[in-house]
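# Coordinate analysis (summary)
Each chain, letter by letter, is given below.
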Amino acid sequence: MSEMVDDMLVLARLGQGRPLESRPVDLRAIAEDAVADAHAVAPQRDISLDAPAKVVVSGDDTRLRQALGNLVRNALVHTPPETPIQVAVAADDGQARLTVSDHGPGLRPEERTRIFEPFYRADPSRSRDSGGVGLGLSIVAAVAGAHGGSVEVKETPGGGATFEIEIPTHAPQK
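### Some details on the overall build of the protein chain
The helix and strand tally for the protein chain stands at 6 helices and 7 strands. Along the protein chain, from the amino end to the carboxyl end, the secondary structure elements read α-β-α-β-β-α-β-β-α-α-α-β-β. Each of the 174 residues in the protein chain was classed as buried or not, and the buried ones make up 41%. Put simply, of all contacts in the protein chain between residues at least 6 apart along the chain, 68% involve residues at least 24 apart. Of the roughly 9,200 Å² of accessible surface on the protein chain, 52% is carried by carbon and sulfur atoms.

Structure representation (structure tokens):
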């Protein structure tokens, strides 16, 4: 219950446009930590990282970690244990990208249009104990937006879901 309250407070603060911390953040380091955390939770899972170069943005380290952690956690929870997960970090044309791809069941088109809504759950039959309350992806979208960016979900080639956060590599203009 306290995690849900914390998530709701984060969403409310971001929704009110409260300023985030803004300092140099290494997205590759965040991704390395997210993959290490995922390996600790699911040591049998094939979880890879493609982050050949350091990618630094001006942002809130805690919130960016939360957003990427939510995406990785969703991939772990909503795909079969033998399903590989790929995390990637890249930058070009002034944009940084954090990507999480899986090869699980994926999302239907109507789910992809609603997946970032607060409290929306693609599989409402799942227990809230194991499937969450539907705030994780809303937080991802709010964090991306607060950093002047966006998040989208698309089908992974061959099946599955790919979530991509894109944010400017420079501080957004106010």
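This is not the end of the story, as more comes after the structure.
### Regarding the sheet that holds strand 4 (residues 85-92)
In sheet architecture, strand pairing relies on hydrogen bonds along the backbone and comes in two forms, parallel and antiparallel. Taken in spatial order, the 5 strands of this open sheet run 2-4-5-7-6, and their pairing is mixed. Because the sheet does not close on itself, it has two edges, and the strands there are strand 2 (47-50) and strand 6 (150-155). Averaged over all pairs of adjacent strands, the angle between strand axes in this sheet comes to 15 degrees, irrespective of strand direction. Where strand 5 (residues 95-102) and strand 7 (residues 161-168) come together, 7 bridges link them in antiparallel fashion. Counted as the bridge partner of Ala96 is Ile167 from strand 7. The strands that helix 3 (residues 61-77) touches are strand 2, strand 4, strand 5 and strand 7; relative to strand 5, the one it contacts most, it runs at about 20 degrees.

### Considering the pairing of strand 7
Where burial is concerned, most of strand 7 is hidden: 7 out of the 8 residues are buried. Where strand 6 meets strand 7, 6 bridges bridge the pair, whose relative direction is antiparallel. If you follow Val153 over to strand 7, its bridge partner there is Phe163. Between strand 6 and the antiparallel strand that follows it, strand 7, lie 5 residues; Gly158 among them carries a positive phi value of about 90 degrees.

### Thoughts on the packing of helix 3 against helix 6 (residues 136-146)
At a minimum axis separation of 9 Å, helix 3 and helix 6 run at an interaxial angle of 140 degrees. Like other packed secondary-structure pairs, helix 3 and helix 6 cross with a definite hand, here left-handed. Taking contact as the criterion, the partners of Arg63, Leu64, Gln66, Ala67, Asn70, Leu71 and Asn74 in helix 3 are, on helix 6, Gly136, Leu137, Ile139, Val140 and Val143. Taken together, the residues of the contact of helix 3 with helix 6 break down into 7 nonpolar, 4 polar and 1 charged.

### Quick notes on the pattern of salt bridges
A full pass over the atoms with the stated rule returns 9 salt bridges. Across the pair Asp92 and Arg97 runs a salt bridge, and its minimum N-O distance is 2.9 Å.

How each quantity is defined
Residues numbered from 1 in each chain as written. Predicted model: local features only at pLDDT ≥ 70, side-chain atom pairs only at ≥ 80, totals over all residues. Heavy atoms only, no water. Helix = DSSP H or I, 4+ residues; strand = E, 2+ residues; numbered from the N terminus. Buried < 20%, exposed > 50% of the residue type's maximum accessible area, 1.4 Å probe, protein only. Contact = heavy atoms within 4.5 Å. Areas by Shrake-Rupley, 256 points an atom, 1.4 Å probe, with all protein chains shown as cover. Pairing = 2+ DSSP bridges. Axes fitted to C-alpha atoms, helices over the stretch in contact; angles between N-to-C directions. Left-handed = near helix turned anticlockwise from the far one by under 90°. Nonpolar A, V, L, I, M, F, W, Y, C, P; charged D, E, K, R; others polar. Salt bridge = Lys/Arg side-chain N within 4 Å of Asp/Glu carboxyl O.

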